Amino acid sequence: MRVSRRDLLKGAGATVAVGGLSGLMIGSASAMHSVGANPVLLDKRSGTVKYHSCLRNCADRCLMKFRVQDGRMTFVSGAEEQFKTGSCPCVKGQTYVEYTYAPDRILHPMVRVGEKGSGKWKRITWDEAWDILVKKTNEVVEKYGSEAVLPYSYSGNYGAIGMRAAGDRFFNRLGSSVLDRLVCTEGGVAGYGSVQGTTDGPDPETIPGCDCYVSWGFNETVSNVHGIKYINMARDNGAKVLAVNPNRTPICSQADVYLQPRPSTDAYVAVGVMKYMLEHGLEDKEFMEKCCIGADKAVARINSISWDEIVKTTDLKREEIEEWAKVYCTAKKVIIRGGYGMQRNFNGARMTRAIGIMQAMHGMFDKPNAGIIYDNVRPITGMNLDKGRGNFLRKGEQQHVNMTDLDTALLGENPTTEGRKIKPIHELVIYNGNPVAVSPNVNQVIRNLKRDDLFVVGFDMIMTDSMQYCDLLLPASTQFETDDIIGDYQCWFVQICEKVIEPLGESKPNLTFFEEWAHRMGYTDPAFDETAFDIMRDFLTDAAPWYKGVTVERLQKEKFIKLPLPESVPVRHGQKCGTPSGKIELYSESMKKAGFDPVVDLGLPESEMPPEEKKLPFRMLSPGIPQRVNSSFYNVKYIRAFNAYECEINPADAKKLGIAAGDRVKLSNQRGTAYFIARLTTRVRPGVVRTTKCNWRSTNPFGHNTNTNSLTTGKLSDLGGGSAYHSTRVAVAKA
């Protein structure tokens, strides 16, 4: 019998075909009822149940159920009551017991006794640690001013309290430099925002009702594995799946039409789709006239770009783009899932803007089962952030530092951020982050961390690469050892994070640590006496309208609450979106003022690279992989079995270089050198290599103390101050 791809992908089996994810679907068989089940293992599934949301930087935001016996976490599963999560965490979430009780947990304060990076430490008491920390902080503030202190943190803990409130309150009161956490989505925030005035889009739970799902620069198996069920449901309902990505992902492999353009040429792809749309009269003229500004200028701009230019730049055939465009342009309800990687380019905002214009010309805003899902942050931004994060504690204006700029901002002489001069930093406090794994141009960052006049404080649960360069090392609790709440940034939920176990060893939760630091600094503000539940109420009091009726008590009872969010781009019925004009802006004055084409700008990263890098033969992409979240889980033994140090290279390129599968390879440019093992695959096209983002240096078996970010550029994206990791070129050789 002949089985078509369409038949293969229908039903629940589509989950297996697309991502091997049948265990993530709710209603799966229970191991408790299987023949020969191990009773010792099954015993771990009994005990008190605690609900806690996964606080990694992942669009899934799974709600999990932990079993606790005699005060010890023994088992984790998904909260099957929530369809979004289902009964099974991802491969990373399943290791949370091992993660929590990892043998390398930092459980006591330590002070450095050797050179920075030497790994030589001495255990001290908390009182001794407080004496060192308070004395040094006062010395820095008295000698250089409070702006000489810089916090460094991001998404190691994504809780409303753990991520921001705990630390922000302290640093606001201190008057430290302000860390601008712009490393992730900001290029796309600027790009999509220039079109529609927001990054918020439709509810992902409406994907099953669309007739065309577009995965553009996104890898669902990495950043939204539990969301694949919605794509499969859409396909079961007859929807088509389209994909655009220079790195072929599992969804790309299963798409009805997949385009693999050269990296960073996505704006050209979008223009090609729009040319097809205009040539066949498939644009939504009424929507463009009534709900947009600049329609005539947009049409003229698209018509001015030739197919020859598009084909030459993207290295795609016109027929390929037209095949993709025919499916897209004839669909009536299109949801685009905009990726979190493509905006990390020198032209990231301009590429995402082109995609937004394409969707607008098709009329795919302010209608059911249509729009762009990029960063649905209203469950977070709708909280009372000013009160919860203690913004009222900051007096006056202090300098801002872009977190991507540690290579220039931490220089001892003439430090800069975003191209402007700043005052030198003399105390760096690292928590919820791992800059030695995450920061671009990391070799320079390490040189900066080794400065004798920079006091580095590390507050973490494990000995990350960054902790090795600290002067004072303090034990942090995991997210599971405290209470918190969290808003989603994909689906429309707010969820509970119940304390699962008590803090291990002498570790302290973020809130406990920063409140005690404040007290020892002599701060008497009532904000530093609040409990976690007090701060949760701060976040939920006087919040956005969609938080009406949401209380701590209700969350404790219901565990998760779906928020009634309004339409994010309400332009069809006389309302306004968030652009300056209140309409969708196909022509943007803000883009013009920034020096770009006000409709679609086609600039490419190579034009902005240093000459010595521009001439290198390979473009290096460094996306995430399913077995890691940024720099998390590298210490978990089970997870470490999944290689995070591969270099994917096209077989044609490998043959020219004499590289075979499994060979050790060297990647290099003017910033440094890194070593990986070769994987030959057409997942990347010729002239492109793929490594893993944010990998640790210390665990690289192919080149100790080298990693991907030894090579990546520190130059920022075109708008928004975002990172541009993927605008990096390298040489490749067999090592």
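Every chain's residues receive numbers from 1 upward, in the order its sequence appears when written. This being a predicted model, a pLDDT of at least 70 is required before a residue's local features are given, and a value of 80 or more before pairs of side-chain atoms are given or counted; all residues contribute to the totals for chains, interfaces and linings. With hydrogens and water set aside, each side-chain value is computed from the structure's full complement of heavy atoms.

**Observations regarding the overall build of the protein chain**
Move 1: Broken down by element type, the protein chain carries 28 helices and 29 strands.
Move 2: Taking 735 residues into account, the globule formula puts the C-alpha radius of gyration at 27 Å, and the protein chain, at 25 Å, falls close to it.
Move 3: Seen through its C-alpha atoms, the protein chain measures out along the principal axes to roughly 75 × 60 × 60 Å.
Move 4: In the protein chain, the proportion of contacts linking residues at least 24 apart, taken out of those at least 6 apart, comes to 75%.
Move 5: Throughout, the Shrake-Rupley method with a 1.4 Å probe supplies accessible areas, and for residues the shown protein chains are the sole cover considered. Just so you have it, the protein chain exposes about 27,000 Å², and 51% of that area is on carbon and sulfur atoms. Under the scheme used here, helices are H or I runs from DSSP no shorter than 4 residues and strands are E runs no shorter than 2 residues, and both carry numbers assigned from the N terminus. Atoms counted for the radius of gyration: C-alpha only. Globule rule: 2.2 Å times residue count to the power 0.38. Contact between two residues is taken to exist if any of their heavy atoms lie within 4.5 Å; hydrogens are not considered.

**Concerning the side chain of serine 622**
Move 1: Among the secondary structure elements, serine 622 is positioned in the loop between β24 (618-621) and α27 (637-640).
Move 2: Among all residues touching serine 622, those that are not within four sequence positions of it are Thr691, Thr692, Lys693, Thr708, Thr712, Tyr725 and His726.

**Remarks on the confidence of the model for the protein chain**
Move 1: Think of pLDDT as the predictor's per-residue confidence, scored from 0 to 100. Confidence in the prediction of the protein chain, expressed as mean pLDDT, is 94, and 95% of residues score 70 or more.
Move 2: Every residue in residues 1-34 is under pLDDT 50, and counting partners more than four places away or in other chains gives 56 contacts.

**So, the nonpolar core**
Inside soluble globular proteins, nonpolar side chains tend to come together where they are buried.
Move 1: Residues belong to one nonpolar core when they are buried, are Ala, Val, Leu, Ile, Met, Phe, Trp, Tyr or Cys, and are joined through side-chain atoms within 4.5 Å. For the exposure calls, accessible area comes from a 1.4 Å probe over protein chains only, and a residue counts as buried if that area is under 20% of its type's maximum, exposed if over 50%, partly exposed in between. Ranked by internal contacts, the top residues of the largest apolar core, which has 117 residues, are Trp216, Trp324, Tyr328, Met358 and Ile584.
Move 2: Tryptophan 324 has contacts with Val214, Trp216, Leu242, Ala243, Val244, Val257, Leu259, Val273 and Met358, leaving out every residue within four places of it along the chain.
Move 3: Counting residues in hydrophobic clusters, the runner-up holds 58 residues, among them Leu474, Ala518, Tyr547 and Leu563.

**Observations concerning the pairing of strand β8 (residues 212-216)**
Move 1: Most of β8 sits out of view: five of its five residues are buried.
Move 2: Every second residue of β8 is oriented toward a common face, with Cys212, Val214 and Trp216 on one face and Tyr213 and Ser215 on the other, all of them buried.
Move 3: In this structure, β8 lies alongside strand β9 (residues 240-244), joined through five bridges in parallel fashion. Among the inter-strand pairings, serine 215 is bridged to a residue of β9, identified as alanine 243. For two strands to pair, DSSP has to find at least two bridges joining them.

**Quick notes on the pattern of salt bridges**
Move 1: Between Lys or Arg on one side and Asp or Glu on the other, a salt bridge is scored when a side-chain nitrogen of the former is within 4 Å of a carboxyl oxygen of the latter. Under the counting rule described, the total for this entry stands at 45 salt bridges.
Move 2: A salt bridge links lysine 84 to aspartate 488, with the shortest nitrogen-to-oxygen separation between them at 2.7 Å. Of this pair, lysine 84 sits in the loop between β3 (72-78) and α4 (96-100) while aspartate 488 sits in the loop between β20 (484-487) and β21 (493-497), and the two are 404 residues apart along the sequence. Of the two residues, lysine 84 and aspartate 488, neither departs from the other in class, the shared state being buried.
Move 3: Between arginine 318 and glutamate 279 there is a salt bridge; the shortest N-O distance is 3.7 Å. Residue arginine 318 is found in helix α15 (residues 318-330), and its partner glutamate 279 is found in helix α11 (residues 266-279); the two are separated by 39 residues along the sequence.
Move 4: The exposure class of arginine 318 is partly exposed, given its relative accessible area of 33%.

**Here we look at the packing of aromatic side chains**
Move 1: For Phe, Tyr and Trp, rings pair up if their centres lie within 6.5 Å, where Trp contributes its six-membered ring, and each pair is then called stacked (planes under 30 degrees apart), edge-to-face (over 60) or tilted (otherwise). For the coordinates displayed, the defined rule picks out 35 aromatic pairs.
Move 2: Judged by centre distance (4.8 Å) and plane angle (70°), the rings of phenylalanine 513 and phenylalanine 514 are edge-to-face.
Move 3: What makes phenylalanine 513 buried here is its relative accessible area of 0%.
Move 4: The exposure class of phenylalanine 514 is buried, given its relative accessible area of 1%.

**Some thoughts on the sheet that holds strand β12 (residues 334-338)**
Move 1: Taken in spatial order, the five strands line up as β10-β9-β8-β12-β13 in an open sheet, and their pairing is parallel. Two strands close off the open sheet at either side, each with one partner strand: β10 (257-259) and β13 (371-373). Taken over all neighbouring pairs, the strand axes of this sheet differ in orientation by 15° on average, direction set aside.
Move 2: The pairing of β8 with β12 spans five bridges and is parallel. Bridge assignment links cysteine 212 to a residue of β12, and that residue is valine 334. To define axes, lines are fitted to C-alpha atoms, for helices over the stretch in contact only, and angles between the resulting N-to-C directions are given on a 0 to 180 degree scale.

**Structural notes on unusual backbone geometry**
Move 1: Notably, arginine 61 is not glycine yet its phi reads approximately 45°, a positive angle.
Move 2: Relative to the assigned elements, arginine 61 resides in the loop between β1 (48-53) and β2 (63-69).

**Description of the packing of helix α5 (residues 126-144) against helix α22 (residues 510-520)**
Move 1: Where α5 contacts α22, the two axes come as close as 10 Å, and the packing angle between them is 65°. Crossing of α5 against α22: the hand is right-handed. Seen from α5, the contacting residues are Trp126, Asp127, Trp130, Leu133, Val134 and Thr137; seen from α22, they are Phe513, Glu516, Trp517 and Arg520.
Move 2: Just so you know the grouping, Ala, Val, Leu, Ile, Met, Phe, Trp, Tyr, Cys and Pro go in nonpolar, Asp, Glu, Lys and Arg go in charged, and all remaining residues, Gly too, go in polar. Class assignment for the residues of the contact of α5 with α22 results in six nonpolar, one polar and three charged. The crossing is said to be left-handed when, going from far helix to near helix, the turn is anticlockwise and less than a right angle, and right-handed when the turn is clockwise.

**Focus: the environment of threonine 673**
Move 1: Within the secondary structure, threonine 673 is located in strand β27 (residues 672-680).
Move 2: Measuring from C-alpha to C-alpha, the distance between threonine 673 and asparagine 705 comes to 10.0 Å, with 32 residues separating the pair along the chain.
Move 3: Not counting residues within four places of it along the chain, the set of residues in contact with threonine 673 comprises Lys666, Leu667, Ser668, Thr706, Ser710 and Leu711.

**Observations regarding the environment of leucine 182**
Move 1: Structurally, leucine 182 is set in the loop between β7 (178-180) and α7 (186-196).
Move 2: In this structure, the C-alpha to C-alpha distance between leucine 182 and valine 401, residues 219 residues apart in sequence, is 9.9 Å.

**Overview of the sheet that holds strand β29 (residues 728-734)**
Move 1: Pairing is mixed in the closed barrel, where six strands are placed in the order β24-β28-β25-β27-β26-β29. Strand after strand, the sheet turns through a mean of 45° between neighbouring axes, direction not considered.
Move 2: Of the pairings in the sheet, the one linking strand β25 (residues 646-649) to β27 comprises four bridges and is parallel in character. Residue pairing for β27: glutamate 646 is matched across the bridge by isoleucine 677.

**As for the pairing of strand β6 (residues 149-152)**
Move 1: Here β6 shows two buried faces, one formed by Val149 and Pro151 and the other by Leu150 and Tyr152.
Move 2: Here four bridges tie β6 to strand β17 (residues 427-431), and the two strands are oriented parallel to one another. Bridge assignment links valine 149 to a residue of β17, and that residue is glutamate 427.

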